[in-house]
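# Structure at a glance
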Amino acid sequence: MTSDTGRPLRADARRNREKILSTAIRVFAEQGLDARLHRIAEEAGVGTGTLYRNFPTREVLIEAAYRSELSRLCDFVPELLATLPPHEALRVWMGRFIDYATARLGMADTLRTFVDFGFNACGHSRKLMMTALTSLLNAGSAAGTIRSDIGAADMFVALTGVALASGKPEQRQQAERLLDLILNGCATDQRA
């Protein structure tokens, strides 16, 4: 991890940054993206000056939290593919995506923004998501269980639709049924 000047962060500065980020992820999940930054700093055990040195605006902190969680989600793909058949790996990941998109960070507004702007608002994040989905879909296609004409961008829009339409905790059973419906539609034999 480096500073804005490109120099590596000192160990204590790196720990502070990580504490702020993990606290922000939790607080945003609990209170939404309008949570008070002062509370995040306080719960992270740092001063507000430290928070603002690392994340000068609310938007920068939200983006960093989003990227951190997205990286964690996307980094899970190789483990899934190593331990499960591709169609099962895809289904498990789809459920994790819904968890991420709805429970973590209350990301519905962010997802809407990405869809409205063609998911180009954050190129690095788009690349991570498309790479993860492409890996899952290609593995399924190579195994003969997932149709080869399903693209990562289409799958992202479908998953985002489920998150936006059925993202509340009380709608989780509906979200699970919709994910099964999507997976069934992707299956080569229509019986995933």
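As a reminder, the structure under discussion sits directly above these lines.
In this report, we go over the structure that sits alongside the text.

What counts and how
- Residues numbered from 1 in each chain as written.
- Predicted model: local features only at pLDDT ≥ 70, side-chain atom pairs only at ≥ 80, totals over all residues.
- Heavy atoms only, no water.
- Helix = DSSP H or I, 4+ residues; strand = E, 2+ residues; numbered from the N terminus.
- Buried < 20%, exposed > 50% of the residue type's maximum accessible area, 1.4 Å probe, protein only.
- Contact = heavy atoms within 4.5 Å.
- Areas by Shrake-Rupley, 256 points an atom, 1.4 Å probe, with all protein chains shown as cover.
- Core = buried A, V, L, I, M, F, W, Y, C linked by side-chain atoms within 4.5 Å.

### Observations concerning the overall build of the protein
The secondary structure content of the protein amounts to ten helices and zero strands. Element order for the protein, N to C, with α for helix and β for strand: α-α-α-α-α-α-α-α-α-α. Within the protein, buried positions represent 39% of all 192 residues. Put simply, 61% of the contacts in the protein that link residues at least 6 apart link residues at least 24 apart. Carbon and sulfur atoms provide 51% of the accessible area of the protein, an area that totals close to 10,200 Å².

### A few points about the nonpolar core
As a rule of thumb, nonpolar side chains are buried together in soluble globular proteins. Within the largest apolar cluster, 34 residues are counted, with the highest numbers of intra-cluster contacts made by Leu90, Trp93, Phe97, Met129, Leu133, Met155 and Leu159. Taken together, the elements giving at least two residues each to this core come down to α4 (58-75), α5 (77-83), α6 (86-103), α8 (123-143), α9 (152-165) and α10 (172-186). For this core, the leading source of residues is α6, giving eight residues. Not counting residues within four places of it along the chain, the set of residues in contact with methionine 155 comprises Leu90, Leu133, Leu137, Ile150, Ile182 and Cys186. By size, the runner-up hydrophobic cluster in this structure holds 19 residues, among which are Ala24, Phe28, Leu33 and Leu51.

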